[in-house]
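This is what each chain is made of:
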Amino acid sequence: HNSIWYAGPGGVRDRDPAIQRQIKAADHIDVERGIGSDTGLTGGNGQWSLNALFAYIDRVHALGKGVTMQQYKLDPAGREYSLAGYFLISSGGDLYSDANATPDDWWVGYDVDLGTPMGPRTYRDGVFQRKFSCGLVVVGEPGLHSRTVPLDGSYMTLDGRAVRSVDISSKQGMVLRSCGSDTDSKDTHSRKH
């Protein structure tokens, strides 16, 4: 179902009984535009913030439902931001959709295996992070001024650069690997995140 995340009366939204019934009737809830294609998302904790969208997804998960992060018309930077956002929320039963991806236009990011989540996402000063057994994702909320984020070790970017810190800014995401084909580790975790 496409249960719009901001539907429902002001201050109530998805706690409205009718919307609760809609969510409970679905196997998956479509989050149309995901985070990369939704130009109305803001930083902070307001009603239109990325934090508010993630909180909605957490409530959908609490009802035992998965979400599909559906993206539209993304440039290469938008793809990584959107994919990193997916990794921030994924509970193992979620899906990611890119309306432009085809076998002839396949992006390397869609083959990334970060392994098992090592905990929930964190949020501090406009930066979201989530650690995995084989990597880390970092996302800058909308409106974030550029900053350097120190990392807890050495990681590889999707284009193969080794980094120990990353520069992150508004609507930017980074998917970083710590094991896989470019490293000595032989991690074999599934692609369920």
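Residues numbered from 1 in each chain as written. Predicted model: local features only at pLDDT ≥ 70, side-chain atom pairs only at ≥ 80, totals over all residues. Heavy atoms only, no water.

Q: I keep staring at the overall build of the protein chain and nothing clicks. Help me out?
A: When its secondary structure is counted, the protein chain shows 3 helices and 9 strands. For the protein chain, the succession of helices and strands along the chain, N to C, is α-β-α-β-α-β-β-β-β-β-β-β. Rg of the C-alpha trace for the protein chain: 16 Å, near the compact-globule value of 16 Å for 193 residues, within the 12% margin. Seen along its three principal axes, the alpha-carbon backbone of the protein chain occupies a region of about 50 × 35 × 35 Å. Within the protein chain, the fraction of its 193 residues that count as buried is 46%. Put simply, of all contacts in the protein chain between residues at least 6 apart along the chain, 59% involve residues at least 24 apart. Within the structure as shown, the protein chain displays about 9,600 Å² of accessible surface, and the carbon and sulfur contribution to it stands at 50%. In the protein chain, which carries 21 positive and 23 negative side-chain charges, the distance between the mean positions of the two groups comes to 6 Å. (Helix = DSSP H or I, 4+ residues; strand = E, 2+ residues; numbered from the N terminus. Rg over C-alpha atoms; globule rule 2.2 N^0.38 Å. Buried < 20%, exposed > 50% of the residue type's maximum accessible area, 1.4 Å probe, protein only. Contact = heavy atoms within 4.5 Å. Areas by Shrake-Rupley, 256 points an atom, 1.4 Å probe, with all protein chains shown as cover. Lys, Arg positive; Asp, Glu negative; His and termini not counted. Charge placed at Lys NZ, Arg CZ, Asp CG, Glu CD.)

Q: Please explain helix α1 (residues 17-25) as it appears in this structure.
A: Within an α-helix, residues lying three or four positions from one another point in the same direction, as the helix has 3.6 residues per turn. Those residues of α1 not exposed but buried are Ile19, Gln20 and Ile23. Considered in projection along α1, the buried side chains sweep an arc of 105° and stay on one side of the axis. Facing away from the buried side of α1, by more than 90 degrees, are the exposed residues Pro17, Arg21 and Ala25. By the N-cap criterion, in which a side-chain oxygen at the helix start approaches the backbone nitrogen of a residue two or three places on, α1 is capped by aspartate 16, the distance to alanine 18 being 3.0 Å. (Arc of directions from axis to C-beta. Polar contact = N/O pair within 3.5 Å; in protein donor to acceptor, adjacent residues only side chain to side chain.)

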